[in-house]
Amino acid sequence: MRRDPIPQGLWMLVIASMLTACGSQEEKQPATVVSPYQEISGVYADTLPCADCSGVLTELTLFADSSFAMRERYLGAASAQRGLGSYGSFVIEDNGRLKLTALHNQWVRYYKPVNADLLALDTEGNEISSSLDYTLERTDEVADSTKRNGYRSMSGGANGLVFRRSLRGEVM
């Protein structure tokens, strides 16, 4: 009796693997790389504490291209009738904190990502020792850099920029 040097079960395994290798294969998609700027982009809003007013209604939009737009309205103050606007660029520092620099270096502000939100920091970039809430909460809005958060135009003013929501001139 002649013995086959390769057992019959092994032949079946070889044939099965050849058939599956020739079958349709799904093309592997390259992994999508998401930058830290894409991850942090979004709209953050809340009322922040204020020393000489009842609060600062703040909306900060971070765009994936490292630019930002910020609207602020001082509540209970004479300037509350008109919102102030700023825009500029931001960087994510090595320690994870965000450094926002307004156009023409008018001011610098710092924020620290905490979960999905942003914590406002002091002018040196340190946490503020207070029982008050300095958190801007992330909203469900998407930061669309082509729409710049719905604002059609921005014009300069003595205290910052005025954002016009429509061509009719609605001012924030």
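Look above for the structure.
Conventions and cut-offs
Residues numbered from 1 in each chain as written. Predicted model: local features only at pLDDT ≥ 70, side-chain atom pairs only at ≥ 80, totals over all residues. Heavy atoms only, no water. Helix = DSSP H or I, 4+ residues; strand = E, 2+ residues; numbered from the N terminus. Buried < 20%, exposed > 50% of the residue type's maximum accessible area, 1.4 Å probe, protein only. Polar contact = N/O pair within 3.5 Å; in protein donor to acceptor, adjacent residues only side chain to side chain. Pairing = 2+ DSSP bridges. Disulfide = S-S within 2.5 Å. Phe/Tyr/Trp six-rings, centres within 6.5 Å; stacked < 30°, edge-to-face > 60°. Lys NZ or Arg CZ within 6 Å of the ring centre and 35° of its normal. Core = buried A, V, L, I, M, F, W, Y, C linked by side-chain atoms within 4.5 Å. Salt bridge = Lys/Arg side-chain N within 4 Å of Asp/Glu carboxyl O.

Caption draft 1: View of the environment of Arg71. One can find Arg71 in strand β3 (residues 67–75). Given a relative accessible area of 9%, Arg71 falls into the buried group. Sequence separation between Arg71 and Gly83 is 12 residues; the distance between their C-alpha atoms is 6.6 Å. At 2.3 Å, the side chain of Arg71 forms a polar contact with the side chain of Glu59.

Caption draft 2: Spatial organisation of the pairing of β3. For strand β2 (residues 55–62) and β3, the ladder comprises eight bridges, and the chain directions are antiparallel. By the bridge assignment, Leu62 is partnered in β3 with Phe68. Hairpin remark: β2 followed by β3, antiparallel, with four residues in the connecting loop; positive phi at Ser66, about 70 degrees. Inspection of the sheet shows β3 paired to strand β4 (residues 84–92) by six bridges, in the antiparallel sense. Opposite Arg71, over in β4, you have Gly85 as the bridge partner.

Caption draft 3: Representation of the state of the cysteines within the structure. According to the stated counting rule, one finds one disulfide in the structure shown. Here Cys50 is linked by a disulfide to Cys53, with a sulfur-sulfur distance of 2.3 Å. Across the S-S bond linking Cys50 and Cys53, the dihedral sits near 125 degrees, which makes this disulfide right-handed.

Caption draft 4: Looking closely at the packing of aromatic side chains. According to the stated counting rule, one finds two aromatic pairs in the structure shown. On the basis of an interplanar angle of 50 degrees and a centroid distance of 5.4 Å, the ring pair of Tyr37 and Phe90 is categorised as tilted. Placement of Tyr37 in helix α2 (residues 36–40) and of Phe90 in strand β4 is noted, with a sequence separation of 53 residues between them. Its relative accessible area of 22% is what places Tyr37 among the partly exposed residues. The ring of Trp107 has Arg109 sitting right over it, with the charged end atom 4.2 Å from the ring centre.

Caption draft 5: Representation of the nonpolar core within the structure. The biggest cluster of nonpolar side chains holds 20 residues, and the ones touching the most others in it are Leu60, Leu62, Phe68, Leu98, Leu100, Tyr111 and Leu118. Elements with a contribution of two residues or more to this core: β1 (42–48), β2, β3, β5 (98–102), β6 (108–114) and β7 (117–120).

Caption draft 6: Summary view of the pattern of salt bridges. Inspection of every chain in the model, using the stated rule, returns four salt bridges. The salt bridge involving Arg71 is made with Glu59; its shortest N-O contact spans 2.3 Å. Residue Arg71 is found in strand β3, and its partner Glu59 is found in strand β2; the two are separated by 12 residues along the sequence. Considered together, Arg71 and Glu59 belong to a single accessibility category, that of buried residues.

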